[in-house]
Amino acid sequence: MKFLESLAKQFAGKPIDWDELEEMLIRADLGVPITMRILKTLQEREAWALLGIGDVIKAVREEIARILPRDPAQIRQAKGKPAAILIVGVNGTGKTTSTAKLAHYLQGRGGSPAPSTGDWRPVTDAKQRPGSSSLPRHSVMLAAADTFRAAAIEQLDIWSKKLGVEIVRGQHGADPAALCYEGYQTAAKQKIDFLLCDTAGRQHTKANLMAELQKIRRTLGKLDADAPQETLLVVDASTGSNALSQAREFHNALGLTGLIVTKLDGSGKGGIVVAIQDEFGIPTRFVGTGEKLDDFAPFNRKMYLENLL
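Parameters and conventions
- Residues numbered from 1 in each chain as written.
- Predicted model: local features only at pLDDT ≥ 70, side-chain atom pairs only at ≥ 80, totals over all residues.
- Heavy atoms only, no water.
- Buried < 20%, exposed > 50% of the residue type's maximum accessible area, 1.4 Å probe, protein only.
- Helix = DSSP H or I, 4+ residues; strand = E, 2+ residues; numbered from the N terminus.
- Arc of directions from axis to C-beta.
- Polar contact = N/O pair within 3.5 Å; in protein donor to acceptor, adjacent residues only side chain to side chain.
- Contact = heavy atoms within 4.5 Å.
- Salt bridge = Lys/Arg side-chain N within 4 Å of Asp/Glu carboxyl O.

S.K.: If you had to explain helix 1 (residues 3-11) to someone new, which residues and values would you point to?
M.R.: Of the residues making up helix 1, those classed as buried are Phe3, Leu4, Leu7 and Phe11. Buried residues of helix 1 fall within an arc of 90° about the axis and therefore sit on the same side.

Dropping the structure here:
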């Protein structure tokens, strides 16, 4: 059940229980700061004792709308050279699949959410997709920088064949920074628009593993002072407040430019998107809603409010 639906059901026809409301807001992964602001807004109203659930829902929507950007930023390009995109995250969030989906989107084959249905899933028929002529169509190369898992290299190789794009891959256990360096040089020679670097999953609490990602950043920076142009953290919406800790550590180490949020369709909450934006200013750039290439779309604030909360 959607969060606001459960809220309406819980308090329908009875006075607001402030302790219970606070607990529900926090359980929705909105976080303590946002929850306290919503409660303060409601309790400052003159007739707060007569508030109904409609007033509460309106206040929640208004606070979330205030925090989330109206439109997601476009993926940055690098004029006359490849734009490097570093894909990072902990184990099991769907980084490799998200890397393939992003490549598919950048090729102009993915789409944006269908406004007519209000569904997160993108329209796959270009004739049905509003504004399809303006969709990005770029060349993409993949770098299999998750050299710790042979299976990850093979998985990305399979995706590269499906997408019809070149992949730079090394041996199991190879230096991921050196591989990204090679990938950037190859992409530059071939005048590729985007190099997507799929890195190994790592616990955000492991300093040595985070240092390895910083090495990749420094190595790419030797070829282009602005690289990587984007550093995207893949988070699983169902992990709740743990995703906030992940965002904090990866952002401190790398300076994140956005999130790719997976399993957002399976979460009855999804408030972590708002909490991360509020605390760190890291916007959600894309959402994943399944395993297929087309189960991927730019984040849309309006649809988030309508369909997930």
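S.K.: Summarise the side chain of Thr231; cite the residues concerned and give the values.
M.R.: Turning to its location among the elements, Thr231 is positioned in strand 7 (residues 230-236). Look at Thr231 and you get buried, because its relative accessible area is 1%. Side chain to side chain, Thr231 and Arg217 meet in a polar contact 2.9 Å long. Ignoring sequence-local partners within four residues, the contact set of Thr231 consists of Leu86, Val88, Arg217, Leu254, Gly255, Leu256, Thr257 and Gly258.

S.K.: Talk me through the pattern of salt bridges; I want residue IDs and the actual numbers.
M.R.: In total, this model carries 13 salt bridges according to the counting rule given. A salt bridge links Asp236 to Lys263; its shortest N-O distance comes to 3.1 Å. Here Lys263 lies in the loop between strand 8 (258-262) and helix 10 (272-280) and Asp236 lies in strand 7, a separation of 27 residues in the sequence. A relative accessible area of 6% places Asp236 in the buried class. Accessibility expressed as a relative area gives 43% for Lys263, which makes it partly exposed.

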